[in-house]
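# Structural features, examined
One-letter residues, chain by chain:
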Amino acid sequence: MNRQAKGKTPRRPPKKPSSNQKDPVGVYCRVRPLGVEDEECCIEVISSTTIQLHAPEGFKTNRNGEYKETQYSFKKVFGVSISQMELFEHVAKPLVDDLIHGKNGLLFTYGVTGSGKTFTMTGSPGQGGLLPRSLDMIFNSIGPYQAKRYVFKVDDKNGMEVQNEVDALLERQRRENNSSVSKPSSASSSKQKLDPEIADMIKSEEAYKTEGVDEDSSYSVFVSYIEIYNNYIYDLLEENQEDAIKPKWNGGGTPVRQNTEFIPPQSKILREDQNHNMYVAGCMEVEVKSAEEAFQVFWRGQKKRKVANTRLNRESSRSHSVLIVKLAQAPLDADGDNILQDKNQVSVSQLCLVDLAGSERTGRTGAEGTRIREAGNINQSLLNLRTCIEILRENQICGTNRMVPYRDSKVTHLFKNYFDGEGKVRMVVCVNPKADDYEETLLVMRFAEMTQEVEVARPVDRPICGFTPGRRHRNQAFKEELSRKLDERGGPIDGDGHSVINSMAHCLPPLPSSELTDPNDDITLPRLIEALRNRHRIRQMMVDDYNNAANRMKSMLQELDNNLISKENVIHEQNSKLVEKDKIIQNNKAEIERLEKRTKTQEHKIDILQKTTKIYEDDQRTLKYELETREQRLHREQSDKRRLEQRMQGMVTDTQYKWEKECDRRVNAMQLEMQNKLWVKDEKLKQLKAIVTESKTPGRPDPPPRQTQRQPRSQTPRLPQPQTQPQTQPQWPSREERLPAKRSASPSPIPTMTPVRPLHRRSRSAGGEKWVDHKPSSSLDLGTVLQPVIPNSIQVSTPSEKTLSKCDRYVLTHQEVASDGEIQTQLIKGEVMKTRGGGQAVQFTDIETLKQELTTVPRRKRKSSEGTPANGDNTDGAWTDVETRCSAAVEMRAGSNLGPGYEHHAITKRRKP
């Protein structure tokens, strides 16, 4: 054996060249019937290739609130009334034909949970799905040409070996004697042992058969079944699969973990064979000889598949299942009797039937714990499948060379060869038309529409064997002819020669007498043994002569037949070559004449084109010079425009900054001016208040009566409402509204003001009134005996809209310094009204004044007019005159702290003479 040089990596064999022709991925759509007849439907089948999605009621797809209807096209759309047989005829039958002719195929179902993927793939009794119908079609086509069991043997590197009849017989005996492996059952026994759940999946009238099967080859079918669960690969056909989960124990005989924690079963790994195809290493492949046996093996693994009960599906698949059907075929030898013992001539094709787990939302399924992790892994693997399809589509359409992330998921990594051109790819999109699945169905439709745009390279046909076709048929015909001739000559009719040998036994020497009369006879038995040995030797010589003669005759007949066929083929080939040569000569003569005429025409055209080219070159030079001139002019104009834009931008910025400064200055000036006016107005009102208060001191005559109306004591006059817009806090009363009337305990009448339009008043019939007792935090505790106590009130320091909405009446406790230097407390009362704008407003209705006087502090006397007696009589003087006091003004500076509540000294204005 020649070893490779140390330290060098062995060169990998080149990858199989793929065909330049490409086919798009075939995407089909199947609509599941609604579970309830009156349930809302969101899918409508428009034609045999188009469906339309309607947004369910209450679901808006556009921003403007309109409902959007979208249409999606497929290679074929199957409605709710389609049968399983029609679906198989359009989708899976072409893949089975390719499998038998040595090509690979991939078929997978895709959709939301509960859309009918498992039913489409597996089916039910009486309604077999794509999988059982594919197995039935395979064995209906290759049934007469199947090799004996264990003639084909799988190796550990995704390859196939061929054994001779003797090795296959020994393998069968060893397997039958091995107790760990069950005996292979025949087709009849497998029918009897079928699970009742899978019995009668396919009716006899619905069976299909492939045409054009190579009769000069022998076939064998191998089945393997795996699942991809949580991105791990598990073999569903392993015999020890049920015992794979066991607690882990240490050397001391105690469990390492708790009893509730187990070691998961061993996951299989993916590897690449010498032809760059991906396969599952260590996966069990079972050789089957009938469709019933193959489906029985599938159903045995189906029972071990991970399923769970969710809100959307009673038996929801929690893993992706993959059934791999391998078909091994090898040509017969030149005699057409035995399989050719050459591994390089063995062709292996496979068909992968994939049932993908459905995408789902955990919010709808109500998944918890393990179910959430399973759903996350399922959605992640499907998302990676979409990503791979998107990048493949982008590379093909845009001409990019982005790397496709096949290795991010076991599903895409296992089937990456199919997308690289190792076989056809078909996808059945299953949809549920109910309105609850609308959003998920919309995503499935978009993925299916994108998948149709991906093209897969067409696989290359396998090379044809160099042996003469029809070998099996001629071998059978030779055996039949040999039996017929032997029958004509009086020989046996079977082709094995055993009857001929039995007839020749009559020509053997007769046996001696074997009668024993004496137990001590030592002559009869040895003589009989010697005679039997002689007969056996003669018989063996005759058998050898017969076999040699038969072999010679058979070889002579085959040689004559081959020579005759070869000569006929040579003659036919030479005749066909002569006919082809004659056609080629005639075609060449006609082509020469046509080319001569065309040459003359082309020469004339060349002359014309040369003249035209010269004219065009002159025009090109002229236009090029003009274009350069215009480009230079355009560049100058653009540079001038940019400079002008920069200049204008600077001017706009400067002007904007100047106007902002000017506006700020004017606003500040206006604020100062308005603040000064407000302060002057407040001071005037305070002086007016002091005048009115002092004019009603005891002993002073009342001022002349004015034409005012007094209201009864039961009717409290209302002051005008300051604002009509919604307010969140009570309005502070103006100086006119806070004109106090001296009270000790009860309010006194206030002159009638201008009536206001009443607002929405709160109803008081339900119970007692509720007050908002507004006491600012700046109020001082005077410690007087007479304190206002308001029952059923809410005391706040700052009223809010929420507080006002709960109460009917409002009272404000206000303190200020009176004209004599004492602190007086005013209770400003009002009613809480609802405004038409939805807010709260306070309408002030009454003012109560509480004043504290100390006897130890001398009272400040008012300045009397000139000539007033000092006996204390209060007479109106020049200072106490209202007109005189109203003419007083307050002098203050802008920004000073003077305001309402401060005592100011008035200065009498000088009147003009």
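Just above sits the structure.
All of the points below concern the structure found in this document. (Residues numbered from 1 in each chain as written. Predicted model: local features only at pLDDT ≥ 70, side-chain atom pairs only at ≥ 80, totals over all residues. Heavy atoms only, no water.)

### Comments concerning the overall build of the chain
The line we're drawing: Going along the chain from the N terminus, every DSSP run of H or I of four or more residues is numbered as a helix, and every run of E of two or more is numbered as a strand. Exposed residues in this analysis have more than 50% of their type's maximum accessible area, buried residues have under 20%, and partly exposed residues fall in between, with area computed by a 1.4 Å probe over protein chains only. Should any heavy atoms of two residues lie within 4.5 Å, those residues are counted as being in contact. Working definition of accessibility: Shrake-Rupley area with a 1.4 Å probe, residue cover restricted to the visible protein chains.
Helices and strands together make up the secondary structure of the chain, namely 17 helices and 28 strands. Burial status across the chain gives 35% buried among its 913 residues. Pairs at least 24 residues apart make up 71% of the contacts formed inside the chain by residues separated by at least 6 positions. By element, 51% of the accessible surface of the chain is carried by carbon and sulfur atoms, the whole surface being about 58,200 Å².

### A few points about the nonpolar core
Convention followed: To qualify as a nonpolar core, a set must consist of buried Ala, Val, Leu, Ile, Met, Phe, Trp, Tyr and Cys residues joined through side-chain atoms within 4.5 Å.
If you look at the biggest cluster of nonpolar residues, it comprises 56 residues, and the most contacted ones within it are I51, F74, F415 and M445. In this view, I51 contacts C29, I43, E44, V45, I46, T70, Q71, Y72, F74, V77 and M445; residues no more than four positions away in its chain are not counted. Ranked by size, the runner-up nonpolar core spans 45 residues in total, among them L107, M121, W299 and L327.

### Describing a nonpolar patch on the surface
What counts is decided by this rule: Here, patches come from residues exposed beyond 30% relative accessible area and free of salt bridges, joined within 9 Å for like charges and within 5 Å for nonpolar side chains (Val, Leu, Ile, Met, Phe, Trp, Tyr). The rule for a salt bridge is simple: a side-chain nitrogen of Lys or Arg has to be within 4 Å of a carboxyl oxygen of Asp or Glu.
Residues L644, M648 and M651 make up a contiguous nonpolar surface patch of roughly 280 Å² in combined accessible area. Positionally, M648 belongs in helix α15 (residues 524-694). Judged by its relative accessible area of 41%, M648 falls in the partly exposed class.

### Some remarks on the pattern of salt bridges
A complete count under the given rule lists 27 salt bridges for this structure. Its salt-bridge partner being K268, residue E238 comes within 2.5 Å of it at the nearest N-O pair. Here E238 is found in the loop between β13 (232-235) and β14 (270-272), whereas its partner K268 is found in the loop between β13 and β14, with 30 residues between them in sequence. Residue class for E238 comes out buried when judged on its relative accessible area of 19%. Relative accessible area serves as the criterion here: at 16%, K268 is assigned to the buried category. The closest approach of N and O atoms between E769 and R809, which form a salt bridge, is 3.3 Å. Separated by 40 residues along the polypeptide, E769 in the loop between β23 (760-761) and β24 (771-774) and R809 in strand β26 (residues 809-817) bring together distant segments of the chain. Note on E769: relative accessible area 26%, which makes it partly exposed. Classification of R809 by relative accessible area gives buried; the value is 13%.

### Regarding empty space enclosed by the protein
To keep things clear, this is the line we draw: With a 1 Å grid spanning the protein atoms alone, the term cavity applies to any set of points in which a 1.4 Å probe fits but cannot get out, the term pocket to an open set with protein on both sides within 12 Å along at least five of seven lines, and the term lining residue to any residue with an atom within 4 Å of a point. Grid points are joined across faces, edges and corners, and a volume is the space filled by probe spheres set on the points.
Summed over all chains, the structure comprises 5 cavities of 30 Å³ or more. By volume, the largest cavity amounts to about 90 Å³. Together, L106, F108, V354, L356, L385, V411, T412, F415 and F419 line the largest cavity. Secondary-structure elements contributing two or more residues to the lining of the largest cavity are β7 (104-111) and α10 (410-414).

### Thoughts on the packing of helix α1 (residues 84-91) against helix α2 (residues 93-100)
Threshold: Angles here are taken between N-to-C directions and fall from 0 to 180 degrees, while the axes themselves are lines fitted to C-alpha atoms, restricted in helices to the stretch in contact. Under this scheme an angle from 65 to 115 degrees is roughly perpendicular, one under 35 degrees roughly parallel, and one over 145 degrees roughly antiparallel; angles in between are oblique. Any residue that is not Ala, Val, Leu, Ile, Met, Phe, Trp, Tyr, Cys, Pro, Asp, Glu, Lys or Arg is counted as polar, Gly included; the first ten are nonpolar and the last four charged.
It is the contact of α1 with α2, at a shortest axis distance of 4 Å, that shows an interaxial angle of 50°. In terms of orientation, α1 and α2 fall into the oblique class. Contacts between α1 and α2 involve F88, E89, H90 and V91 on the former and, on the latter, K93, P94 and L95. Tallied by class, residues from the contact of α1 with α2 come to 4 nonpolar, 1 polar and 2 charged.

### Digging into the packing of α2 against helix α4 (residues 130-142)
The criterion, for reference: Two helices that cross are described as forming a left-handed crossing if the nearer one is turned anticlockwise from the farther one by less than a right angle, and a right-handed crossing if clockwise.
Direction vectors running N to C along α2 and α4 enclose 40°, while the axes themselves pass 10 Å from each other. The orientation of α2 relative to α4 falls into the category oblique. For the pair α2 and α4, the crossing hand works out as right-handed. For the pair formed by α2 and α4, the contact residues are K93, V96, D97, L99 and I100 on the first element and S134, M137, I138, S141 and I142 on the second.

### Side note on the packing of aromatic side chains
For clarity, the cut-off: Think of it this way: a Phe, Tyr or Trp ring, Trp meaning its six-membered ring, pairs with another when their centres are within 6.5 Å, and the plane angle makes it stacked under 30 degrees, edge-to-face over 60, tilted otherwise.
All chains considered together, the criterion is met by 8 aromatic pairs. Seen in terms of ring centroids, F88 and Y208 are 5.6 Å apart; in terms of plane orientation they differ by 50°. Their pairing is tilted. Of this pair, F88 sits in helix α1 while Y208 sits in the loop between α6 (187-192) and β12 (217-229), and the two are 120 residues apart along the sequence. With respect to class, F88 is no different from Y208; both count as buried. Aromatic ring contacts, followed pair by pair, group Y225, F295, F298 and W299 into a single cluster.

### A closer look at the sheet that holds strand β4 (residues 50-54)
Heads up, the rule is: Note on pairing: DSSP must find at least two bridges between two strands before they are called paired.
With respect to topology, 3 strands assemble into an open sheet ordered β3-β4-β5, the strand pairing being antiparallel. Of all strands in the sheet, those with a lone pairing partner are β3 (43-45) and β5 (69-73), marking the two edges. In this sheet, neighbouring strand axes are inclined to one another by 25° on average, regardless of whether the strands run parallel or antiparallel. Of the strand pairs in this sheet, β4 and β5 are connected by 5 bridges, and their pairing is antiparallel. When the bridges of β5 are listed, I51 appears paired with Y72. Of the strands in this sheet, β3, β4 and β5 are in contact with helix α12 (residues 438-451), which crosses β4 at around 150°.

### Focus on the environment of G35
By secondary structure assignment, the location of G35 is in the loop between β2 (26-31) and β3. Along the chain, G35 and K434 lie 399 residues apart, while their C-alpha atoms are 8.5 Å from each other.

### Section: the pairing of strand β19 (residues 320-331)
With respect to burial, β19 is a largely interior element, 12 of its 12 residues being buried. Burial along β19 is two-sided: the residues H320, V322, I324, K326, A328 and A330 and S321, L323, V325, L327, Q329 and P331 are all buried. As judged from the 9 bridges shared by β19 and strand β20 (residues 347-355), these two strands associate in the antiparallel manner. Across the sheet, L327 pairs through a bridge with S349, a residue of β20.

### Some details on helix α7 (residues 291-302)
The line we're drawing: To estimate how far a helix should extend, the number of its residues minus one is multiplied by 1.5 Å.
Taking 1.5 Å per residue as the helical rise, α7 with its 12 residues ought to reach 16 Å, and the 16 Å between its terminal C-alpha atoms agrees with that figure. Counting buried residues along α7, 9 of its 12 residues qualify, which places the element largely inside the surrounding structure. For α7, every residue scored as buried is listed here: A291, E293, A294, F295, V297, F298, W299, G301 and Q302.

### Quick notes on unusual backbone geometry
For Y150, which is not glycine, the phi torsion reads 70° and is therefore positive. Structurally, the position occupied by Y150 is in the loop between α4 and β10 (152-154). The residue N231 is not glycine, and still its phi comes out positive at about 65°.

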